[in-house]
Amino acid sequence: APYFAAQRETVKKRAAEYDMEVIAIEANNDLNKQLADVEDLLARGIDLLIFNPKDPLGAVPATKMATAAGVPVFIIDSSIDASADYVTTVQSNNMANGVEVGIWLANKMGDEFISMALISGSPGNPVGEERRQGVFRGLIEEQLRDRNSVSFEIVAQGWGEWAHEGGLNAMEDILVAFPDINVLLCENDSMCLGALKAIEEAGKTEQILVLAAADGQKEALELIKTGQYGATGLNDPALVATTAVDLAVEWIQGRRDFAKLTYTPPAAIVQENVDEYYDPDSIF
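Below, the structure is looked at part by part. Since the structure is predicted, the reported quantities are computational estimates derived from the model, not experimental observations. For every chain, the first residue of the written sequence is number 1, and numbering continues from 1 onward in sequence order. The model is predicted, so local features are restricted to residues of pLDDT at least 70 and side-chain atom pairs to those at 80 or more, both for listing and for counting; the totals for chains, interfaces and linings are taken over all residues. Side-chain numbers come from the whole structure's heavy atoms, not from hydrogens or water.

Topic: the overall build of the protein
Logical step 1: Check the secondary structure of the protein and you find nine helices and ten strands.
Logical step 2: Rg of the C-alpha trace for the protein: 20 Å, near the compact-globule value of 19 Å for 284 residues, within the 12% margin.
Logical step 3: Along the first, second and third principal axes, the C-alpha atoms of the protein reach 55 × 35 × 30 Å.
Logical step 4: Each residue's exposure class comes from its accessible area (1.4 Å probe, protein chains only) as a fraction of the maximum for that residue type: buried when under 20%, exposed when over 50%, partly exposed otherwise. Here the protein holds 284 residues, and the buried ones make up 53% of them.
Logical step 5: For the protein, the exposed surface amounts to about 12,800 Å²; the carbon and sulfur share of it is 48%.
Logical step 6: A gap of 3 Å separates the mean positions of the 21 positive and 45 negative side-chain charges of the protein. Numbered from the N terminus, helices here are DSSP runs of H or I no shorter than four residues, and strands are runs of E no shorter than two. Note on method: radius of gyration uses C-alpha positions; expected globular size equals 2.2 Å times residues raised to 0.38. The accessible surface values rely on the Shrake-Rupley method and a 1.4 Å probe; as for residues, cover is taken only from the protein chains in view. Lys and Arg are tallied as positive, Asp and Glu as negative. Neither His nor the chain termini are counted. One atom stands in for each charge, and that atom is NZ of Lys, CZ of Arg, CG of Asp or CD of Glu.

Set out below in structure tokens:
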């Protein structure tokens, strides 16, 4: 996914500014390979590990291996179980981003009843759970403030594995079973961009408002500019990656007073503010 490509390239770029060497390995969504990759990196004598865990529980042994080897671990993007050994987790504030998107959705739809389909990343993923729960929280609270009642229904949940093709396939299935939905919420932009193709092919572009709980992918921002995409939460891979490298350097320099969570600032990116976040040269 382009998000992870941007993350990797930003780590390399930032680390080069500190004269650090980066070894970047991709596990291809395979937990067993990710654990083996970490074991290999430790055997190669790395000094620190920046780690995006495939699974919050399954990835814990990788952090234990690193600690046993005297290597500090900085988690990025995805969450990991509290039993893991790590310095801090650097990520966007998924809950706060979702709340901002949910507030926007409530105001956008006004008195119109929301019949929503949801495309989630992968079952049990805590990042996805936080993202969608944030949107629901913001939507509920804003509707309550506005009308003292809540009026929306989630009619379907599909699984897109965070990818464009997964979003397309999930949306095709949802449209067969629930052709009358008027809102699609995805847990990242890539799945929504795939889903848009299915929506266009079904001739429902004007019927369905598409938005994501998080990311800020360049292609999504271009569609937000033209009004073809509603909103997305700010999850800048470059900012997450840069922050992780900077904190890792602070660890090397002796700092130890790290919070277990380090958040980047939240925001809903919508047509009115998209120019503040759009970078045509961005990888992501």
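Topic: helix α5 (residues 126-147)
Logical step 1: Expected span, for any helix, means 1.5 Å times one less than how many residues it has. Its 22 residues place the ends of α5 31 Å apart at the C-alpha level, agreeing with the 32 Å of an ideal helix rising 1.5 Å per residue.
Logical step 2: The contact criterion used throughout is that any non-hydrogen atoms of two residues lie within 4.5 Å. Buried-residue contacts for α5 involve α4 (94-109), β4 (114-120), β5 (152-159) and β6 (183-186).
Logical step 3: N-capping of α5 is provided by Asn 125, with a side-chain oxygen placed 2.9 Å from the backbone N of Val 127.
Logical step 4: Just past α5, the residue Asn 148 takes up positive phi, approximately 65°. Pairs of N or O atoms within 3.5 Å make up the polar contacts considered here, provided that, within protein, one atom can donate a hydrogen while the other can accept it, and that residues adjacent in sequence are counted only when both atoms are side-chain atoms.

Focus on the sheet that holds β5
Logical step 1: Whether two strands pair comes down to DSSP finding at least two bridges between them. Taken together, the four strands give an open sheet; going across it, the order is β5-β4-β6-β7, and neighbouring strands pair in parallel fashion. Every interior strand has two partners, whereas the edge strands, β5 and β7 (209-212), have only one. Looking at each pair of strands side by side, their axes are set apart by 20° on average, direction ignored.
Logical step 2: Here β4 pairs with β6 via four bridges, running parallel. Bridge pairing in β6 links Ile 119 to Cys 186.
Logical step 3: Those strands touched by α4 are β4, β6 and β7, and its axis lies near 165° from that of β7. Note on method: axes are straight lines fitted to C-alpha atoms, helices fitted across the in-contact stretch only, with angles between N-to-C directions ranging 0 to 180 degrees.

Things to note about the packing of aromatic side chains
Logical step 1: Each Phe, Tyr or Trp ring (for Trp, its six-membered ring) is paired with any other whose centre lies within 6.5 Å, and the angle between the two planes then decides the class: stacked below 30 degrees, edge-to-face above 60, tilted in between. One pass over the full model with this rule turns up three aromatic pairs.
Logical step 2: A centroid spacing of 6.2 Å and a plane angle of 35° characterise the contact between Trp 251 and Phe 258, whose relative ring orientation is tilted.
Logical step 3: Put simply, the rings of Phe 74, Trp 251 and Phe 258 touch in pairs and so form one group of aromatic residues.
Logical step 4: Any Lys NZ or Arg CZ found within 6 Å of a ring centre and within 35 degrees of that ring's normal is scored as a charge over the ring. Above the ring of Trp 251, the side-chain terminus of Arg 256 is found at 3.6 Å from the ring centroid.

Digging into the state of the cysteines
Logical step 1: In this description, a disulfide is simply a cysteine sulfur pair whose atoms lie within 2.5 Å. Applying the stated rule across the entire model yields one disulfide.
Logical step 2: Linked covalently through their sulfurs, Cys 186 and Cys 192 form a disulfide whose S-S length is 2.4 Å. As the torsion about the S-S bond is roughly 100°, the Cys 186-Cys 192 disulfide counts as right-handed. As far as burial versus exposure is concerned, Cys 186 and Cys 192 are alike and both buried.

A look at the environment of Ile 50
Logical step 1: Its location among the elements puts Ile 50 in strand β1 (residues 49-51).
Logical step 2: According to the relative accessible area criterion, Ile 50 is partly exposed, its value standing at 25%.
Logical step 3: Counting along the chain gives 39 residues from Ile 50 to Thr 89, while the straight-line C-alpha distance between them is 9.7 Å.
Logical step 4: In contact with Ile 50, other than residues within four places in its own chain, are Val 11, Phe 74, Ile 76, Ala 244 and Val 245.

A closer look at the pattern of salt bridges
Close approach of charged atoms lets side chains of opposite charge pair.
Logical step 1: Within this document, salt bridges are pairs made up of a side-chain nitrogen of Lys or Arg and a carboxyl oxygen of Asp or Glu, the two lying within 4 Å of each other. Summed over the entire model, instances satisfying the criterion amount to 13 salt bridges.
Logical step 2: Taking the shortest distance from any N to any O, the salt bridge between Asp 215 and Arg 131 comes out at 3.8 Å. Of this pair, Asp 215 sits in the loop between β7 and α8 (218-226) while Arg 131 sits in helix α5, placing them 84 residues apart in sequence. Note on accessibility: Asp 215 and Arg 131 belong to one class, buried.
Logical step 3: Ionic pairing is found between Arg 255 and Glu 250, a salt bridge with its closest N-O pair at 2.6 Å.
Logical step 4: Classification of Glu 250 by relative accessible area gives partly exposed; the value is 28%.

It is worth stressing that arrangement in space is one thing and function is another; only the former is reported here.
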